[in-house]
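Observations on the model geometry
Take a look at the letters that make up each chain.
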Amino acid sequence: MTKPSDGQELFLRRMRRHRLTVRIARVLILVLFLLLWEITASTGIIDSFIFSSPSRIALCFREMVLDRSIFLHIGVTLYETIASFLLVTASSILAAILLWCSLRLSEILEPYLVVLNSLPKSALAPLLIVWLGATPTTIIVAGMSVAVFGSIMNLYTSFITVDREKIKLIYTLHGNRRHALLKVVLPGSIPAVISNMKVNIGLCLVGVVIGEFLAARNGLGYLIIYSSQVFKMDWLIMSIFLLCIMAMALYAVIGTVEKIYNRRY
């Protein structure tokens, strides 16, 4: 292995310094925000009953950890989000393949997909409860409804914009449409699939929380709506923080998958 030149070493040091600066700045912003929040709540500048405070939220979280109730709510929301995300990913890929295989079908269904994707998904949740009942299945379907139609449209667009010269080469070599799909379209659309997954994981979490608002007895969404009704603001803000952490963790997992793929290919 050749030794990096002085210019390369300088560039690498600058990049490492830049990444370190960004990380420190992110941590400082969070720490300053929490410190300012705690000071203003403890001095009475803001009403701690309405806005709570970091110390009260930490104490609330500790109590729910000790009685293990918080693990039930986190586990339920996490399970429903992952289930809806996996179903969205699988169904959107299959639907995009069907649309790619049939131009006539794609032209027929396109306006319906646009309308369904534009429809406010919160409007579907009460209807899903009537159809499916107040069950975890309803919440998973609600999570799917937020992401699936946009995902189908994005993947189909990716499928039809792959390198046409490669598809012509497949046909020139006496291949068929199945060969073009498996050898060109799907491999060439993997970056788009991963990009859709990064978006869908957050959308599925949003849909699951909407479903839990209306049809759950467990989960962070249920905890938010219940705590707002009984004015337990510590529970409410703690649940929002936990949702933020969950969203960041799930996004980081998809980001790790993307890095592994980019490193290999």
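Structure shown above.
Not measured: the values here are computed from a predicted model.

Details of the overall build of the protein chain
Along its length, the protein chain carries twelve helices and zero strands. The order of helices and strands in the protein chain, counted from the N terminus, is α-α-α-α-α-α-α-α-α-α-α-α. Against the compact-globule benchmark of 18 Å for 265 residues, the protein chain has a radius of gyration of 24 Å, which places it well outside the compact range. Seen through its principal axes, the protein chain has C-alpha atoms that stretch 75 × 65 × 30 Å. When each of the 265 residues of the protein chain is scored for burial, the buried share is 34%. The long-range share in the protein chain, meaning contacts at least 24 apart out of those at least 6 apart in sequence, stands at 71%. Summed over its atoms, the accessible surface of the protein chain is roughly 16,600 Å², and 69% of this surface lies on carbon and sulfur atoms. For the protein chain, the centre of its 25 positive side-chain charges and the centre of its 14 negative side-chain charges are spaced 9 Å apart.

Concerning the packing of helix α3 (residues 54-66) against helix α12 (residues 233-264)
At their nearest, the axes of α3 and α12 sit 9 Å apart, and the two run at 85° to each other. One element, α3, and the other, α12, form an angle in the roughly perpendicular class. Contacts from Arg56, Ile57, Cys60, Phe61 and Met64 in α3 reach Asp234, Trp235, Ile237, Met238, Phe241 and Leu242 in α12. Split into classes, the residues belonging to the contact of α3 with α12 amount to nine nonpolar, no polar and two charged.

Comments concerning the side chain of Ser84
Checked against the element boundaries, Ser84 lands in helix α4 (residues 69-101). Ser84 gets classed as buried once you look at its relative accessible area, which sits at 0%. Discounting chain neighbours no more than four positions away, the residues touching Ser84 are Ile140, Gly143, Met144, Cys204 and Val208.

Criteria and thresholds
- Residues numbered from 1 in each chain as written.
- Predicted model: local features only at pLDDT ≥ 70, side-chain atom pairs only at ≥ 80, totals over all residues.
- Heavy atoms only, no water.
- Helix = DSSP H or I, 4+ residues; strand = E, 2+ residues; numbered from the N terminus.
- Rg over C-alpha atoms; globule rule 2.2 N^0.38 Å.
- Buried < 20%, exposed > 50% of the residue type's maximum accessible area, 1.4 Å probe, protein only.
- Contact = heavy atoms within 4.5 Å.
- Areas by Shrake-Rupley, 256 points an atom, 1.4 Å probe, with all protein chains shown as cover.
- Lys, Arg positive; Asp, Glu negative; His and termini not counted.
- Charge placed at Lys NZ, Arg CZ, Asp CG, Glu CD.
- Axes fitted to C-alpha atoms, helices over the stretch in contact; angles between N-to-C directions.
- Parallel < 35°, antiparallel > 145°, perpendicular 65-115°, else oblique.
- Nonpolar A, V, L, I, M, F, W, Y, C, P; charged D, E, K, R; others polar.

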